Amino acid sequence: MIFVPRLEVPKITIISTRLRHYFRNMNCSELLPPASVRGMRELQRAEFQKRVQVPQLRVPEQQVQRVIPLVKKFLLKMEHMHPVRAVDKSREILLHPMPIKAWESLPTEDLQKQQVTQENFSFVELELNYENWSANEILKSVLPEEEEGMTSYSRIGHIVHLNLRDHLLPYKQLIGEVLRDKLPNCRTVVNKASSIDNTYRNFQLELICGEAEYQVETKENGIPFEFDFSKVYWNPRLSTEHERIVKLLQPGDVLYDVFAGVGPFSVPAAKKRCHVLANDLNPVSFHWLQHNAKRNKCLSNIKMSNKDGREFILKELRADLLQRLRLTDTSSYATHITMNLPAMAVEFLDAFRGLYTDNELADISDAVVFPTVHVYSFAKGENTKALVRAQVEQNLASTLDEKQLQGISFVRNVAPNKDMYRVSFKLTRHLLTTPKEAEANNVRKRCAEDEKVDPEVAATKVKCV
């Protein structure tokens with residue numbers, strides 16, 4: 001028998017690069033804005049003028065349609081500049097200077113088949129100015145290199161909302177003007193002036209550029225909304241989360257929206273023919289909630305109130321839910337309670353403890369399906385998911401078992417080490433009929449009994465209460 005040695009085949013990794021925008025202009029020194037604009041604090045648009053040499057192909061007009069596919073990925077793409085320009089009866093095809101250094105950089109064989117030769121290739125001088133760079137390119141060239149740049153902004157109708165870091169505040173006027181210039185239909189640029197610490201939880205705004213006009217029209221997940229952005233809370237970064245909850249709902253389901261705002265949960269749910277009870281403490285939010293429900297033609301499916309969230313739970317929600325538990329087949333529809341006030345919503349969870357007496361639920365079948373609560377909260381630290389669960393359990397004065405807990409979902413990162421979560425859990429007969437104080441007393445009694453056996457175990461339980 002002859003043994004043939006096994007040959008080791010080298011592992012080859014194939015890297016595929018998708019040419020999305022072909023070549024990034026900011027990676028090409030020739031196409032960068034002038035270095036002299038670095039550190040500019042007052043926008044001087046004329047300072048962005050620059051002359052550059054770029055490669056081009058000059059071909060007869062009738063050949064353009066055959067040549068463009070051959071050089072498409074090399075075209076020069078800049079703001080307010082078409083890469084194909086008419087010159088007499090010819091066309092100049094502007095090419096990107098980063099990949100194209102000479103005629104040999106092009107697919108010469110294919111071009112020659114179209115009667116395009118080296119004689120058609122040359123360099124042309126272009127004059128670039130402020131209009132030829134995007135907002136991102138302008139700001140990257142102006143703001144300090146050693147500091148983090150302006151990473152994001154929110155767009156609400158004609159308003160651009162910023163949350164600038166301290167080191168960018170000296171540039172806020174310039175940033176505002178650039179965004180107003182460059183972003184379509186932008187008329188107003190505002191900066192978040194302080195943290196959200198007022199009663200109605202709306203942003204405190206500083207106008208840095210444009211019109212002091214805050215009434216906006218916007219769409220979220222295809223639903224039109226209108227409101228005064230300076231007096232209500234609206235965050236377009238929550239649109240995906242709003243959509244997730246609305247997708248859980250089916251026609252005929254029930255939604256109790258404790259902190260409804262202008263209706264990002266309630267209005268889409270009502271349009272979906274769900275039965276909605278929506279509430280918000282802010283009278284301006286309540287006004288626009290009513291307006292948006294009317295505008296979206298879903299008033300017949302929604303009841304709205306303007307009161308504190310705890311009062312709403314103890315009155316409107318309590319009465320409506322009790323009637324449904326007594327008179328309807330809860331297995332034929334789902335009931336959801338949304339509590340989207342992440343800074344303090346968990347503090348309202350104890351309102352569900354002892355919401356009913358034992359007698360009120362005595363005639364209700366054990367097969368009844370109780371509501372699912374979706375409560376939102378912030379958590380700051382390392383293990384934020386565990387922290388947010390602890391917040392919910394502490395305010396409920398109850399541990400959530402595997403049957404109750406429906407999930408803990410990450411919503412978004414708010415700041416370094418600070419995250420927003422949604423905790424979804426099922427209410428139970430025990431929670432709804434046992435007041436928080438009674439639960440605590442029961443635990444203390446069990447602790448007293450355990451103390452006789454193991455004082456350390458009893459101390460742990462008392463601490464939990």
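Residues numbered from 1 in each chain as written. Predicted model: local features only at pLDDT ≥ 70, side-chain atom pairs only at ≥ 80, totals over all residues. Heavy atoms only, no water.

Chemist: Mind showing me how you'd approach the packing of aromatic side chains here?
Modeler: The description of an aromatic ring pair uses the distance of the two centres, along with the angle that the planes make with each other. For the structure shown, the criterion picks out 8 aromatic pairs. When the ring of Phe121 is compared with that of Phe123, the centres are 5.5 Å apart and the planes differ by 80 degrees; the resulting orientation is edge-to-face. Owing to a relative accessible area of 41%, Phe123 belongs among the partly exposed residues under this scheme. Here Phe225 and Trp234 contribute two aromatic rings whose centre-to-centre distance is 5.1 Å and whose plane-to-plane angle is 50 degrees, an arrangement assigned as tilted. Site record: aromatic cluster; members linked through ring pairs are Trp103, Phe121 and Phe123. A cation over an aromatic ring shows up here: Arg41 above the ring of Tyr171, its NZ or CZ 5.1 Å from the ring centre. (Phe/Tyr/Trp six-rings, centres within 6.5 Å; stacked < 30°, edge-to-face > 60°. Buried < 20%, exposed > 50% of the residue type's maximum accessible area, 1.4 Å probe, protein only. Lys NZ or Arg CZ within 6 Å of the ring centre and 35° of its normal.)

Chemist: What should I look at first to understand unusual backbone geometry in this one?
Modeler: Phi is mostly negative for residues that are not glycine, and the peptide bonds are mostly trans. The phi dihedral of Asn185 falls on the positive side, at around 60 degrees, and the residue is not glycine. Position of Asn185 among the secondary structure elements: in the loop between helix H4 (172-182) and strand E7 (188-194). For Asn185, a relative accessible area of 66% gives the class exposed. (Helix = DSSP H or I, 4+ residues; strand = E, 2+ residues; numbered from the N terminus.)

Chemist: I tried to follow the pairing of strand E14 (residues 335-339) on my own but got confused; where do I start?
Modeler: If a strand is regular, its side chains alternate between the two faces of the sheet. Buried residues dominate E14, accounting for 5 of its 5 residues. Residues Thr335, Ile337 and Met339 of E14 are buried on one face, and the alternating residues His336 and Thr338, pointing to the opposite face, are buried as well. As defined by bridge partners, strand E11 (residues 254-257) adjoins E14 across 4 bridges and the pair is classed as parallel. Along E14, the bridge assignment pairs Leu255 with His336. Pairing of E14 with strand E15 (residues 372-380) involves 4 bridges; the strand directions are parallel. Bridge pairing links Thr338 to His374 in E15. (Pairing = 2+ DSSP bridges.)

Chemist: Would you take a moment to explain the confidence of the model for the protein for this structure?
Modeler: Reading predicted coordinates in detail is not appropriate for stretches of low pLDDT. Across the protein, the average pLDDT comes to 89, with 88% of residues at 70 or higher. Note on residues 1-21: pLDDT under 50 across the span, and 2 contacts to partners over four residues away in sequence or across chains. Low pLDDT (under 50) marks residues 457-465, which in the prediction has 11 contacts with non-local residues, meaning those over four places away or in another chain. (pLDDT = per-residue confidence, 0-100. Contact = heavy atoms within 4.5 Å.)

Chemist: What am I meant to see in the UniProt feature "binding site: S-adenosyl-L-methionine" (unreviewed entry) in the protein here?
Modeler: The UniProt feature table records "binding site: S-adenosyl-L-methionine" (unreviewed entry) at His242, Asp280, Leu281, Asp308, Gly309 and Asn340. Within the secondary structure, Asp280 sits in the loop between strand E12 (275-279) and helix H7 (283-295). Classification of Asp280 as buried rests on a relative accessible area of 12%. Excluding residues within four positions of it along the chain, Asp280 makes contact with Val258, Phe259, Ala260, Gly261, Ser285, Phe286, Ser305, Asn306 and Lys307. (UniProt positions renumbered as here; feature names shortened; annotations may be inferred.)

Chemist: What is the right way to look at helix H8 (residues 309-327) in this model?
Modeler: Note that an α-helix has 3.6 residues per turn; residues three or four places apart therefore point the same way. Between its first and last C-alpha, H8 extends 25 Å over 19 residues, near the 27 Å set by a 1.5 Å rise per residue. Where H8 bends most, the angle comes to about 40 degrees, and this point is Leu317. Regarding H8, the residues found buried are Gly309, Phe312, Ile313, Leu317, Asp320, Leu321, Leu322, Arg324 and Leu325. Tucked inside the fold, the buried residues of H8 contact E11, E12, strand E13 (302-305) and E14. (Expected span 1.5 Å × (residues − 1). Bend = angle between axes of the 7 residues up to and from the residue.)

Chemist: It is not clear to me how the sheet that holds strand E1 (residues 50-60) should be interpreted in this structure. Could you clarify?
Modeler: Within a beta sheet, neighbouring strands are joined by backbone hydrogen bonds and run either parallel or antiparallel to one another. Across the sheet, which stays open at both edges, the 4 strands sit in the order E2-E3-E1-E4 with antiparallel pairing between neighbours. Only two strands of the sheet have a single neighbouring strand rather than two, namely strand E2 (84-87) and strand E4 (121-128). Strand-to-strand twist in this sheet, taken as the mean axis angle between neighbours without regard to direction, amounts to 40 degrees. With 5 bridges connecting them, E1 and strand E3 (residues 90-94) associate as antiparallel partners. (Axes fitted to C-alpha atoms, helices over the stretch in contact; angles between N-to-C directions.)

Chemist: What is the right way to look at the packing of helix H3 (residues 135-142) against H4 in this model?
Modeler: Look at H3 against H4: their axes get within 9 Å of each other, and the N-to-C directions meet at 160 degrees. Classed by the angle they form, the pair H3 and H4 counts as roughly antiparallel. Note on packing geometry: the crossing formed by H3 with H4 is right-handed. Here Ala135, Ile138, Leu139 and Val142 of H3 come into contact with H4, specifically with Leu174, Ile175, Val178, Leu179 and Lys182. Each residue belonging to the contact of H3 with H4 can be placed in one class, and the counts come to 8 nonpolar, no polar and 1 charged. (Parallel < 35°, antiparallel > 145°, perpendicular 65-115°, else oblique. Left-handed = near helix turned anticlockwise from the far one by under 90°. Nonpolar A, V, L, I, M, F, W, Y, C, P; charged D, E, K, R; others polar.)

Chemist: Sorry if this is basic, but what is going on with the sheet that holds E12 here?
Modeler: Taken together, 7 strands build an open sheet; the order of strands is E13-E12-E11-E14-E15-E17-E16 and the sheet is mixed. A strand with exactly one partner marks an edge of an open sheet, and here the two such strands are E13 and strand E16 (405-415). Across this sheet, the average inter-strand angle for adjacent strands is 15 degrees, counted without regard to direction. Pairing geometry for E11 and E12, over 4 bridges, is parallel. In the sheet register, Tyr256 faces E12, and the bridge partner there is Leu277. Relative to E13, H7 is tilted by about 165 degrees, and along the sheet it contacts E12 and E13. This element, helix H9 (residues 384-396), spans E15, E16 and strand E17 (418-426) of the sheet and lies at about 125 degrees to E15.

Chemist: So what exactly am I meant to see when it comes to the environment of Phe348 here?
Modeler: Residue placement: Phe348 occurs in the loop between E14 and E15. The class of Phe348 is buried, set by a relative accessible area of 10%. When residues no more than four places from it in sequence are discounted, the contact partners of Phe348 are Phe259, Asp308, Gly309, Arg310, Ile313 and Met339.

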